[in-house]
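# Working through the structure, step by step
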Amino acid sequence: MKKNSRFWLWIMPVLSGLVFFTLWYAVKATLHASDWLLPTPAQILQAAWSERVRLFNAAVSTAGGALGGFVLATSIGFAFAL
């Protein structure tokens, strides 16, 4: 029984992902949506790869701001707890 549930724990997310991407492509093909309005997942990955340096720099900046906010909030919380 446990082996069967492990199978379903693995297969359901995979099937959900396949259904999601199939619907995505079907909606794009059915509505004849332009690329700027509804790009395909492949186009999104291609754009992310070509802009990877800028995306990495933005991620580092965002992580730095989040870390700074966490340190500030922790420090203020610690000071008030005293």
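Residues numbered from 1 in each chain as written. Predicted model: local features only at pLDDT ≥ 70, side-chain atom pairs only at ≥ 80, totals over all residues. Heavy atoms only, no water.

### Describing the overall build of the chain
The following threshold applies: Secondary structure counts use DSSP, requiring at least four H or I residues in a row for a helix and at least two E residues in a row for a strand, with both numbered from the N terminus. Throughout this description, buried means an accessible area under 20% of the type-specific maximum (1.4 Å probe, protein chains only), exposed means over 50%, and partly exposed covers the range between. Computed by Shrake-Rupley with a 1.4 Å probe, the accessible areas treat only the displayed protein chains as cover when residues are assessed.
Tallying secondary structure elements over the chain gives three helices and zero strands in all. The order of helices and strands in the chain, counted from the N terminus, is α-α-α. Judged by the C-alpha coordinates and their principal axes, the chain covers about 60 × 45 × 20 Å. Here the chain holds 82 residues, and the buried ones make up 7% of them. In the structure as shown, the chain presents an accessible area of about 7300 Å², 76% of it carried by carbon and sulfur atoms.

### Re the pattern of salt bridges
In plain terms, the rule: We count a salt bridge whenever a side-chain nitrogen from Lys or Arg sits within 4 Å of a carboxyl oxygen from Asp or Glu.
Applying the stated criterion across every chain, the model contains two salt bridges. We note a salt bridge from lysine 28 to aspartate 35, for which the minimum N-O separation is 3.0 Å. Among the salt bridges present, the one from glutamate 51 reaches arginine 54, with a minimum N-O distance of 2.8 Å. The exposed category is assigned to arginine 54, whose relative accessible area is 59%.

### Concerning the packing of aromatic side chains
We count it as follows: Paired rings are identified among Phe, Tyr and Trp, the last through its six-membered ring, by centres lying within 6.5 Å, and are further divided according to the angle between planes into stacked (under 30 degrees), edge-to-face (over 60) and tilted (the rest).
Considering all chains together, one arrives at four aromatic pairs under this definition. Where phenylalanine 20 meets tryptophan 24, the ring centres are 5.6 Å apart and the plane angle is 75 degrees; that geometry is what we call edge-to-face. With a gap of four residues between them, phenylalanine 20 and tryptophan 24 both fall in helix α1 (residues 2–31), about one helical turn apart. An angle of 10 degrees between the planes, with centres 5.9 Å apart, marks the rings of phenylalanine 21 and tryptophan 24 as stacked.

### Brief notes about a nonpolar patch on the surface
Defined as follows: Every patch collects residues that have over 30% relative accessible area and no salt bridge, joining them within 9 Å if they carry like charges and within 5 Å if they are nonpolar side chains (Val, Leu, Ile, Met, Phe, Trp, Tyr).
Taken together, Phe7, Trp8, Trp10, Met12, Val14, Leu15 and Leu18 make up a surface patch of nonpolar side chains, about 710 Å² in accessible area. Within the fold, tryptophan 8 resides in helix α1.

### What to know about unusual backbone geometry
In this model, histidine 32 sits at a positive phi of 55 degrees, which is unusual for a non-glycine residue. Turning to its location among the elements, histidine 32 is positioned in the loop between α1 and α2 (41–50).

### Some points on the confidence of the model for the chain
Which entries qualify depends on this criterion: You can read pLDDT as the predictor saying how much it trusts each residue, on a scale of 0 to 100.
Residue-level pLDDT values for the chain average 93, and 96% of them are 70 or greater. By mean pLDDT, α1 is the weakest element of the chain at 90, and helix α3 (residues 52–81) is the strongest at 98.

### Here's the deal with the side chain of lysine 28
Put simply, the rule is: Two residues form a contact once any of their heavy atoms are found within 4.5 Å.
By the element assignment, lysine 28 lies in helix α1. The residues touching lysine 28, leaving out its near neighbours within four places in the chain, are Ala33, Ser34, Asp35, Leu38, Thr40 and Gln43.

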